[in-house]
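Here is how the chains run, residue by residue.
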Amino acid sequence: MARRTKEEAMATRHRLLDAAEHLFQAQGVSRTSLQDIARRAGATRGAVYWHFKDKADLFNAMMERVTLPMENSFNHENNPQQQLDGDPLNSMDRIRLSTINALRQIVTDAQTRRVFEVATQKVEYVEELQAVRLRHLAVRGGFLSGIQQGMETAAGQMRLKLPVPASAAAQGLHAMIDGLIQNWLLDPEAFDLLGVGQHAIDIYLRGLGFPGSQPTPSSPKPA
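Just so it is clear, the model here is predicted, and its values are computed rather than measured.

*Asks:* Please give an account of the overall build of the protein that cites residues and values.
*Replies:* In terms of regular secondary structure, the protein is built from 10 helices and zero strands. Each helix and strand of the protein, ordered N terminal to C terminal, gives the series α-α-α-α-α-α-α-α-α-α. Buried positions account for 39% of the 223 residues belonging to the protein. Taking as baseline every contact in the protein between residues at least 6 positions apart, the subset at least 24 positions apart corresponds to 71%. A total accessible area of about 12200 Å² is found for the protein, and carbon and sulfur atoms account for 53% of it.

Structural data, given as structure tokens:
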């Protein structure tokens, strides 16, 4: 009985998150109330507060459901332990692979695309959503730290002197990827995010002195 109750609670939590995704996308985060979310999910307002402290907590849980798998993949690809385990990829290959995999997930997975659209186009950092802003900054900081560390490791492996500090190079790569994603979300028909992204990442890393990547398959169509 306890297991069934736990499963039912998790099912309710996921219905609330699903409802939030669609409502946030349709009418924006600030204009969506917790009552709206509860109604769409077929739950009570009390159920919302059972699972989430407030709207910011719910928003962050919605993001984590999609971005955590991507963040975990990035951390796995850039784990130095892989070198000790005989992984043939160097740190630069891992940076390429993890960033391209992130673009591929946005292109091919409708839920990921919807959540990123909400996060980039449908949220205002008003007072009630300051926790959302703080999480955004924390995720960005973690990404930049991982990229910087990967670049420093790769430069050491290749005995390469970077033309700019690794911290600046990481900021530039992040800004380029973030800009590509945001512009593609505005109009997915405008360009091929995965194809353009692969070329842009390769050109950027070549400009830093890293060798180019091998040709990759063409981008799949969005789901």
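*Asks:* Got a sec to walk through the pattern of salt bridges? Specific residues and values, please.
*Replies:* All told, the structure shown has eight salt bridges when counted by the stated rule. Notably, a salt bridge pairs R39 with D36, separated by 3.4 Å at the nearest N-O pair. With R39 and D36 both in helix α2 (residues 34–41) and three residues apart, the pair spans about one turn of that helix. For R135, the salt bridge is made with E64, and the minimal N-O distance between the two is 3.5 Å.

Conventions we followed
Residues numbered from 1 in each chain as written. Predicted model: local features only at pLDDT ≥ 70, side-chain atom pairs only at ≥ 80, totals over all residues. Heavy atoms only, no water. Helix = DSSP H or I, 4+ residues; strand = E, 2+ residues; numbered from the N terminus. Buried < 20%, exposed > 50% of the residue type's maximum accessible area, 1.4 Å probe, protein only. Contact = heavy atoms within 4.5 Å. Areas by Shrake-Rupley, 256 points an atom, 1.4 Å probe, with all protein chains shown as cover. Salt bridge = Lys/Arg side-chain N within 4 Å of Asp/Glu carboxyl O.

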